[in-house]
Amino acid sequence: MASPTTEDHPPHIGIDGINEETQQISEKDIVLEKGGEKDMAPLPGSSSIHRSSSRPQLDVSGAAIQGNFEEKDPTILLPNQSDDISHLALDIGGSLIKLVYFSRHADRQVDDRRKRKVKERLGVSNGSRRSYPILGGRLHFVKFETSKLNECLDFIYSKQLHRGGMDSRCWPSDAPQSENAVIKATGGGAYKFADLFKERLGVSIEKEDEMNCLVAGANFLLKAIRHEAFTHMEGHKEFVQIDQNELFPYLLVNIGSGVSMIKVDGDGEFQRVSGTNVGGGTYWGLGRLLTKCKSFDELLELSQRGDNSTIDMLVGDIYGGMDYSKIGLSASTIASSFGKAISENKELEDYKPEDISLSLLRMISYNIGQIAYLNALRFGLKRIFFGGFFIRGHAYTMDTISFAVQFWSKGDAQAMFLRHEGFLGALGAFMSYEKHGLDDLMVHQLVERFPMGAPYIGGNVHGPPLGDLNEKISWMEKFVRKGTEITAPVPMAPPATTGLGGFEVPSSKGVLRPDASKLNVGVLHLVPSLEVFPLLADPRTYEPNTIDLSDHGELEYWFTVLSEHLSDLVDKAVASEGGTDDAKRRGDAFARAFSAHLARLMEEPAAYGKLGLANLLELREECLREFHFFDAYRTIKQRENEASLAVLPDLLLELDSMTEDMRLLTLIEGVLAANIFDWGSRACVDLYHKGTIIEIYRMSRKKMQRPWRVDDFDAFKERMLGSGERKPQPHKRALLFVDNSGADIVLGMLPLARELLRRGTEVVLVANSLPALNDVTAMELPDIVAEAAKHCDILRGAAEAGGLLVDAMSNIQDGYKEDTPSVPLMVVENGCGSPCIDLRQVSSELAAAAKDADLVILEGMGRSLHTNYNAKFKCDALKLAMVKNQRLAQKLVKGNIYDCVCRYEPAS
């Protein structure tokens, strides 16, 4: 192991260039989705970080989109690009090398004329305000021990990262290397190892200023990632949402071997205002001498078992066990670190190593916290962010620093920490490339996901990522979980390899402990087409989740629900793929992976960021897709759609025979009754075994008796129909957020949409972009509408006006001949693939559709109860759902299972 050494600086100045030890190579990915950047508003300010002019530039002349330009994430071809594009940056410290590199996505081609027509009607353009394209792909975050630099060089060479990240098979071994090829790097090693990079890879190292990179990386993360910053007090993590307009100024405290304290006033505006030479290097150096520990992590782990009162002199030791309340010091406050060693007749070996480690950790952490606060006080700063690999997600270290800041500030200042703390410098170096594409990102354009991307033990990643599905499944088959302990056999590298394809042997079995685990960094997808839903009354205070999973009892209950539903979900997923041996193997791997996620989150709920029920449900869907189950309920949805469409004509005839008042009530009853069909609910799954879909629907409708548990129907009716002689204006456009396939959409929401169309209201059906359980998707809806339109002139005319019959092959039969206005019926995707929806991140076409909407209807438990029950809108809103979970019914509406919610809220 490499140990920290002293930098070439005066001994009284702390420098944070050398900062950590590690036992493994790990990788974190940030994924950049290809797509248009039409609506990307620049962040306030612009970075003055130096942009390289010597690196090969993108030649965008003749640039064209490959395939159909209407596909969601088009590939941009650069036919005249001949130079290497070296999207690779490093932070080379004394102990670790942090590496950030870019790789492209596989191409996808989609042809959707319907979507093009809807976009034209909504005014969604495909233009770009950039003068250059964003290359779709992902940013990979990897770290190597500096002492294993040759492994890092082998890794770069094997992936041909120095040649633009192309697959090595595309490059002949004797292919000439461009003389202008450069790699951006920061840290002391950028100078020390420059000749070795030139010799081994034929590339030049272009050095970037360390402070520039740290600040650029921190600014990007704090602006672009919603749950990047968090506080940590007494073992409790709480994520802090940073308002971009109030970010600056702040104090950035980077703790490496030494400590640098940087006052940041804006992008590219900062100054190092202080520091200390007592930092991570001090802790590791003294700890190694005093405890004989072999690694930094071993020293940290040792501290968790320590009792510092055996070696530190406390206030109570001086005052006979009493507090010194006059000046606010408790008896347990440290009066003098290592103070008892003065008066006790003991030698070093008489003290326990764990007590020494804890005393040392507290001494250094308290001092860093105090000095940081004094500098914040000096400049009037309220926000202090701590980073650097000294912290590395260690709970006790963060607690100690937080206590010091709180104590000395009397609660006026807070210590905050960063989830990506170790990669600030490497990310900043990456951003020093021109046209890196990260400057203009907004927080709503980033979606973090947590794939089983590499084998891990106790939350620590071991080995390079498993990009190949077969490798991933093989690992999961070896993965064994026992209680809260996760063990796994570790495959070694095959003969005649560099070792990069294998895994390092972990130092011990991984035990998931909340006091020692590290925060996981997920895959951060960049989706430039995502926007904030413009009809939210106040996006800054909007919180999608209704259920608070910070309550341990609530968390345990929902984990149990998901675990009990898992076997049934696996059966459906395997059946959707034909029940093949390959599908069974993938199903088993999915079950193991999702169970491992649940175990991880049960022990450390904040491991993946702020946790809500919507996050759990989305994690499950992402995990299914990870193991190539893209639509587990496909067959069931098709069967239920056909059964429901068969009885739709009779239902429409029944509705048309009613008075206006009775029809509106029957329609709302129909939506609530049809919402019973939800394969995500255990109670509803049990119902499926007791009758056909039509029998269950009819039974549900018969039980519809008012008043419902939440019953605002009369207020909604008055807005729709008026009272007495007063007839209100119809809504201009309604957004209907639909839920399940089958009876829910066909017998519930489509008839309601038809009624709105009859009244002259434009209707936009909003559906999932990707499948989730038996939820209907935007891709499936046009065919359902086309089939329904065969029996209804209103739906036919509206569907034609909205472009829904462009692709649907339907023989429209002459049915009703009503003289109805041709207001359009449109379908847009919502931008997500979950049973819930976070309205801070919706598709650009939904955002465009919302601009002229004055009515929002949210239907189903996921979109109107689990999320958005408390959401406020600028327009009229109607929330409709049948409660299909007893605990949710009791907690949210103080009722029982199968109670109904009809919540109407006029425009805020």
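Just so you know, these numbers come straight off a predicted model, no measurement behind them. (Residues numbered from 1 in each chain as written. Predicted model: local features only at pLDDT ≥ 70, side-chain atom pairs only at ≥ 80, totals over all residues. Heavy atoms only, no water.)

Attention now goes to the overall build of the protein chain. Per the secondary structure count, the protein chain includes 27 helices and 31 strands. Across the 908 residues that make up the protein chain, the buried fraction comes to 59%. Pairs at least 24 apart in sequence give 75% of the contacts found in the protein chain among residues at least 6 apart. Carbon and sulfur atoms form 50% of the exposed surface of the protein chain, whose accessible area is close to 36,000 Å². (Helix = DSSP H or I, 4+ residues; strand = E, 2+ residues; numbered from the N terminus. Buried < 20%, exposed > 50% of the residue type's maximum accessible area, 1.4 Å probe, protein only. Contact = heavy atoms within 4.5 Å. Areas by Shrake-Rupley, 256 points an atom, 1.4 Å probe, with all protein chains shown as cover.)

Moving on: the environment of Asn212. Looking at the secondary structure, you find Asn212 in helix H5 (residues 210-224). For Asn212, a relative accessible area of 25% corresponds to the partly exposed category. Asn212 sits 58 residues away from Phe270 along the chain, and the two C-alpha atoms are 8.5 Å apart.

If you walk across this open sheet you meet the seven strands as E10-E9-E17-E16-E11-E12-E13, and the pairing is mixed. Each of the sheet's edge strands pairs with one partner strand only, and the pair in question is strand E10 (236-240) and strand E13 (269-276). For this sheet, the mean angle separating the axes of adjacent strands, direction not counted, is 30°. As paired elements, strand E9 (residues 229-233) and E10 share five bridges and run antiparallel to each other. Its bridge partner being in E10, Thr231 is matched across the sheet by Glu238. (Pairing = 2+ DSSP bridges. Axes fitted to C-alpha atoms, helices over the stretch in contact; angles between N-to-C directions.)

The next subject is the packing of aromatic side chains. The full count for this structure, using the stated rule, is 19 aromatic pairs. Ring geometry for Phe430 versus Tyr433: centroids 6.1 Å apart, planes at 80°, classification edge-to-face. Through a chain of ring-to-ring contacts, three or more aromatic side chains come together here, namely Phe230, Phe239, Phe386 and Phe417. If you follow Lys184 out to its NZ or CZ, it ends over the ring of Tyr433, 5.3 Å from the centre. A cation over a ring is seen here: Arg903 above Tyr869, with NZ or CZ 4.1 Å from the ring centre. (Phe/Tyr/Trp six-rings, centres within 6.5 Å; stacked < 30°, edge-to-face > 60°. Lys NZ or Arg CZ within 6 Å of the ring centre and 35° of its normal.)

Take the pairing of strand E7 (residues 182-186) next. Where a strand is regular, its side chains alternate between the two sheet faces. With five of five residues buried, E7 lies mostly within the body of the structure. Alternating residues of E7 divide into Val182, Lys184 and Thr186 and Ile183 and Ala185, and every residue in both groups is buried. As defined by bridge partners, strand E4 (residues 88-92) adjoins E7 across three bridges and the pair is classed as parallel. Pairing of Ala89 across the sheet is with Lys184, part of E7.

Before going further, it helps to examine the sheet that holds strand E25 (residues 710-711). Taken together, seven strands build an open sheet; the order of strands is E25-E31-E30-E29-E26-E27-E28 and the sheet is mixed. The open sheet has two edge strands with one neighbour each: E25 and strand E28 (825-829). Note that strand E30 (residues 876-882) and strand E31 (residues 900-905) share six bridges and pair antiparallel. Considered in E31, the bridge of Leu878 is made with Tyr904. Where helix H21 (residues 713-721) meets the sheet, it contacts E25, E30 and E31, and its direction lies at approximately 45° from that of E31. Its contacts with the sheet put helix H22 (residues 743-758) on strand E26 (733-737), strand E27 (762-767), E28 and strand E29 (855-859), and the angle it makes with E29 is roughly 170°.

Bringing the pattern of salt bridges into the picture now. Taken as a whole, this structure holds 40 salt bridges when the rule is applied. Between Glu344 and Lys346 there is a salt bridge, with its nearest N and O atoms 4.0 Å apart. On the basis of relative accessibility, which here comes to 26%, the residue Glu344 falls in the partly exposed class. In this structure, Glu905 engages Lys879 in a salt bridge whose closest nitrogen and oxygen atoms are separated by 3.1 Å. Separated by 26 residues along the polypeptide, Glu905 in strand E31 and Lys879 in strand E30 bring together distant segments of the chain. Lys879 matches Glu905 in its accessibility class, with the two residues each being buried. Through salt bridges with shared partners, one network takes in Asp656, Arg663, Arg754, Glu755 and Arg758. (Salt bridge = Lys/Arg side-chain N within 4 Å of Asp/Glu carboxyl O.)

The next thing to look at is helix H11 (residues 395-409). Between its terminal C-alpha atoms H11 stretches 21 Å, which fits the 21 Å expected from 15 residues at 1.5 Å a residue. Burial in H11 covers these residues: Ala395, Thr397, Met398, Asp399, Thr400, Ile401, Ser402, Ala404, Val405 and Ser409. Here the buried face of H11 lies against E9, strand E11 (250-255), helix H7 (296-303), helix H10 (353-379), strand E16 (383-387) and strand E17 (414-418). A positive phi of about 55° marks Lys410, the residue just after H11. (Expected span 1.5 Å × (residues − 1).)

Let us look at the packing of helix H17 (residues 634-656) against H22. Running from N to C, H17 and H22 cross one another at 35°; their axes reach a closest spacing of 9 Å. The two elements H17 and H22 cross, and the hand of that crossing is right-handed. Across from Asn641, Ser644, Leu645, Val647, Leu648, Leu651, Leu652, Leu655 and Asp656 in H17, the residues of H22 making contact are Ala743, Ile745, Val746, Leu747, Pro751, Arg754 and Arg758. Grouping the amino acids of the contact of H17 with H22 by side-chain chemistry returns eleven nonpolar, two polar and three charged. (Left-handed = near helix turned anticlockwise from the far one by under 90°. Nonpolar A, V, L, I, M, F, W, Y, C, P; charged D, E, K, R; others polar.)

What follows is about the confidence of the model for the protein chain. Low-pLDDT stretches of the model should not have their predicted coordinates read in fine detail. Here the protein chain averages 78 in pLDDT, and 73% of its residues register 70 or above. Considering only residues more than four positions removed or in separate chains, one finds that residues 127-136, a stretch of pLDDT under 50, has 36 contacts. Every residue in residues 166-175 scores below 50 in pLDDT, and together they form ten contacts with partners more than four places removed in sequence or on other chains. (pLDDT = per-residue confidence, 0-100.)

Membership of the largest hydrophobic core comes to 64 residues, with the highest contact counts inside it found for Ile668, Trp708, Leu736, Leu765, Leu825 and Ile857. Residues within four places of Leu825 in sequence aside, it is in contact with Leu757, Val763, Leu765, Val785, Leu795, Ala798, Ala799, Gly802 and Leu804. Among the nonpolar cores identified, the runner-up in size contains 50 residues, and Leu469, Val574, Leu865 and Ala889 belong to it. (Core = buried A, V, L, I, M, F, W, Y, C linked by side-chain atoms within 4.5 Å.)

Take a nonpolar patch on the surface next. There is a patch of nonpolar side chains on the surface, built from Ile318, Tyr319 and Met322 and spanning about 320 Å² of accessible area. Look at Ile318 and you get partly exposed, because its relative accessible area is 47%. (Patch = residues over 30% accessible without salt bridge, like charges linked within 9 Å, V, L, I, M, F, W, Y side chains within 5 Å.)

Let us now look at helix H12 (residues 424-431). The element H12 is extensively covered by neighbouring structure, given that eight of its eight residues are classed as buried. Looking only at H12, the buried set comprises Leu424, Gly425, Ala426, Leu427, Gly428, Ala429, Phe430 and Met431.

On the secondary structure map, Arg116 appears in helix H1 (residues 113-122). Residue class for Arg116 comes out partly exposed when judged on its relative accessible area of 23%. The spatial distance from the C-alpha of Arg116 to the C-alpha of Gly803 is 9.0 Å, given a sequence separation of 687 residues.

Take the packing of H17 against helix H23 (residues 781-789) next. Across the interface, H17 lies against H23 with an axial gap of 10 Å and an inter-helix angle of 25°. Here H17 is positioned roughly parallel relative to H23, judged by the angle of their axes. Relative to H23, H17 is oriented so that their crossing is right-handed. Side by side, H17 and H23 meet where Asn641, Leu645 and Leu648 of the first sit next to Ile784, Glu787 and Ala788 of the second. Here the contact of H17 with H23 is composed, by residue class, of four nonpolar, one polar and one charged. (Parallel < 35°, antiparallel > 145°, perpendicular 65-115°, else oblique.)

Another aspect to go through is the environment of Gly722. When you line up the elements, Gly722 lands in the loop between H21 and E26. Given a relative accessible area of 16%, Gly722 falls into the buried group. Residues in contact with Gly722, not counting those within four places in the same chain, are Lys717 and Pro728.

On to the pairing of E17, then. In terms of burial, E17 is largely enclosed, as four of its five residues are buried. For E9 and E17, the ladder comprises two bridges, and the chain directions are antiparallel. Residue Ala229 lies in a different strand from E17, and its bridge partner there is Leu418. With four bridges connecting them, E16 and E17 associate as parallel partners. The partner of Arg383 across the bridge, within E17, is Gln414. The parallel pair E16 and E17, bridged by H11, forms a crossover whose chirality is right-handed. (Right-handed = clockwise from strand over helix to strand, strands pointing away.)

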